[in-house]
Amino acid sequence: MGFFDFMTEDIAIDLGTANTLIIHNDKVVIDSPSIVARDRVSGKIIAVGKEANMMQGKTHENIKTIRPLKDGVIADFDASEKMISMFIKSIPALKKKLFTPALRMVICIPSGITEVEMRAVKESAERVNGKEVYLIHEPMAAAIGIGVDIMQPKGNMIVDIGGGTTEIAVIALGGIVCDKSVKIAGDVFTNDIVYYMRTQHNLFVGESTAEKIKITIGAAIEDLEAPPEEMSVQGRDLLTGKPKQVDVSYREIAKALDKSIQRIEDAVMETLSQTPPELAADIYNTGIYLAGGGSMLRGLDKRISQKTDLPVYIAEDPLRAVVRGTGMALKNIQKFRSILIK
């Protein structure tokens, strides 16, 4: 084994619907949108990550942008595999190697995932030279990344709002006690904004623009203490067909997202209602931890806190909490053996 150990590289992957992050040697080396662009004629992948993301919504018939993951699971096997392999090949430290090293990887997956979907992730990983592949559930990884000691006999509640799914879990003794995975997350928020702009302003905006709106002025409540400035949004006027610009305030976005956020709140409430009493007592003291890009929605912490009457904390650098946790699990494979899925 000695020689092979020397040849093996460790990488941790957070394969997300919206973003893929990779940690190698304790550093986040890849942080890119999970999207590829394919040439329709040759079938070749011409761009991946940020480059492909810039093409989204601006392509002609010979180029197609694909998001290989949908709702947290692999929807396009071929594209996802090419994407993972291109990301791994672009890791600076691995580029210098003469030949592709064998990889030991930990990949995180949504908790509501089926056996078949799990196998798709594993097979993708094995095809890009993964010799030892471990999987870890997303809320677990998020908890480790936030800095919760998950092995303690103490209940902690994690709400991880990603691009495709929102993962809610109560964790104790290194295991998930009760969890809920709902398919309402960042992508749905973006679509809500597209729909709102369409119906309220007669303005047709693309997904990339809607996502910009969400990041720039997105909010979960209509009265923020530090409200963001109004934003000018450009798109196509549905009545005249001409390009036009509209000013939008964060209050409107809060209205647009209200229904979806309500459904996340309901899922949190439902998970709390399934929690065993001893753990509920713990959660009363520890509160709820938010991770994932969706947790950066202005006022969301306050809104969930009002709904649950619990303190709500946002992880530092919530976008990277999951990959940080995945990386820590990779470093201490012995310690976390019980929570990794072989």
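- Where an unreviewed UniProt entry is consulted, the chain appears under the name Cell shape-determining protein MreB, with the organism given as Flavobacterium cyanobacteriorum.
- The UniProt entry for the chain carries the following comment under Function (unreviewed entry): "Forms membrane-associated dynamic filaments that are essential for cell shape determination. Acts by regulating cell wall synthesis and cell elongation, and thus cell shape. A feedback loop between cell geometry and MreB localization may maintain elongated cell shape by targeting cell wall growth to regions of negative cell wall curvature."

Let's talk about the sheet that holds strand β4 (residues 36–39)
What links the strands of a sheet is backbone hydrogen bonding, and the strands pair in either a parallel or an antiparallel sense.
Then step 1. The strand order β5-β4-β6 describes an open sheet built from 3 strands, whose pairing is antiparallel. Because the sheet does not close on itself, it has two edges, and the strands there are β5 (45–48) and β6 (63–66). For this sheet the average axis-to-axis angle between neighbouring strands, irrespective of direction, equals 20 degrees.
Then step 2. Bridge count for β4 against β6 is 4 bridges, and the pairing is antiparallel. Directly across from D39, in β6, lies its bridge partner I63.
Then step 3. Strand contacts of helix α3 (residues 77–89): β4, β5 and β6, with the helix running at about 60 degrees to β5, the strand carrying the most contacts.

A few points about helix α5 (residues 115–127)
Then step 1. The terminal C-alpha atoms of α5 lie 18 Å apart, and with 13 residues this matches the ideal 18 Å at 1.5 Å per residue to within 8%.
Then step 2. Buried within α5 are the following residues: M118, A120, V121, K122, S124 and A125.
Then step 3. Buried residues along α5 sit against β8 (73–74), α3, β9 (102–109) and β10 (130–137).
Then step 4. One or two positions beyond α5, positive phi appears at N129, with a value near 80 degrees.

With respect to the environment of I264
Then step 1. Relative to the elements of secondary structure, I264 occurs in helix α9 (residues 250–274).
Then step 2. C-alpha of I264 to C-alpha of K212: the two residues are 52 residues apart in sequence and 22 Å apart in space.
Then step 3. Excluding residues that lie within four positions of it along the chain, I264 makes contacts with I161, T166, I168, I184 and F189.

Quick notes on the side chain of T286
Then step 1. Its location among the elements puts T286 in helix α10 (residues 277–286).
Then step 2. What T286 contacts, discounting residues up to four positions off in sequence, is G155, N156 and Y313.

Rules used throughout
Residues numbered from 1 in each chain as written. Predicted model: local features only at pLDDT ≥ 70, side-chain atom pairs only at ≥ 80, totals over all residues. Heavy atoms only, no water. UniProt positions renumbered as here; feature names shortened; annotations may be inferred. Pairing = 2+ DSSP bridges. Helix = DSSP H or I, 4+ residues; strand = E, 2+ residues; numbered from the N terminus. Axes fitted to C-alpha atoms, helices over the stretch in contact; angles between N-to-C directions. Contact = heavy atoms within 4.5 Å. Expected span 1.5 Å × (residues − 1). Buried < 20%, exposed > 50% of the residue type's maximum accessible area, 1.4 Å probe, protein only.

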